[in-house]
Each structure stands twice: as C-alpha cells, then as structure tokens.
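So the chains spell out like this:
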Amino acid sequence: MQLTFYSGKECHLCDLADALLAQVESSYDLEITKMDVKSDHQLFHLYGARIPVIKREDNQKELGWPFDLQQLKEFLD
C-alpha cells in the first residue's frame, strides 16, 4: 500500500507518528513517501498546521494527528 507521510523537520509529533508507522510497516507492506511540507508552498498551505498527516494513495483518505497505533491499523485495514 502506498502512503504519503506529510511531516516537517524538527517536528516532535511527526517523530511519534513515524515511530507508529515503523511498527506496522512490515505487516501492511507499506511504501511510504515522506514529504516535508515546508519544501512546497502549496503543501505548507494545505498541511502546515495539521502535520503529521498520513494519506492513502489508493482511496485518498487522510489520517491526521493525533492518532494511536489502533487507529492507524484501522486506517490501514
């Protein structure tokens, strides 16, 4: 499954979300593309105040912080 992980540098919450993704990555065969929202004006406008955000590329659904491991698994199922 392809995911886009919208995050930013020096973002503590993004680090927490990244750790949760690492816990489920092999179980779900994930391909994760990390995007720094500060690298693009449009991305920053869309996600800057909401990061971290995980987006499924198959159905375009998004999971925004805060979420826990169970909520992440439900999002991926």
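Relevant structure appears above.
Figured I'd write up the structure that's included with this text.

A few points about unusual backbone geometry
Alright, step 1. The omega torsion of the bond from I51 to P52 falls at 0 degrees, within 30 degrees of zero and hence cis.
Alright, step 2. Structurally, the position occupied by P52 is in the loop between α2 (41-47) and β3 (53-56).
Alright, step 3. Here W65 and P66 are connected by a cis peptide whose omega angle stands at 10 degrees.
Alright, step 4. Mapping P66 onto the fold places it in the loop between β4 (62-64) and α3 (69-76).
Alright, step 5. At D29, a residue that is not glycine, the phi angle is positive and equals roughly 50 degrees.
Alright, step 6. In this structure, D29 sits in the loop between α1 (12-28) and β2 (31-36).
Alright, step 7. The phi angle at Q60 is positive, at roughly 65 degrees, despite the residue not being glycine.
Alright, step 8. Within the fold, Q60 resides in the loop between β3 and β4.

What about the state of the cysteines?
Alright, step 1. With the rule as written, the count across this model stands at one disulfide.
Alright, step 2. Between the sulfur atoms of C11 and its disulfide partner C14 the distance amounts to 2.4 Å. Since a negative S-S torsion denotes a left-handed disulfide, the C11-C14 link at about 70 degrees is right-handed.
Alright, step 3. Taking the relative accessible area as the measure of exposure, C11 reaches 12% and is therefore buried.
Alright, step 4. The buried category is assigned to C14, whose relative accessible area is 3%.

Conventions and cut-offs
Residues numbered from 1 in each chain as written. Predicted model: local features only at pLDDT ≥ 70, side-chain atom pairs only at ≥ 80, totals over all residues. Heavy atoms only, no water. Helix = DSSP H or I, 4+ residues; strand = E, 2+ residues; numbered from the N terminus. Disulfide = S-S within 2.5 Å. Buried < 20%, exposed > 50% of the residue type's maximum accessible area, 1.4 Å probe, protein only.

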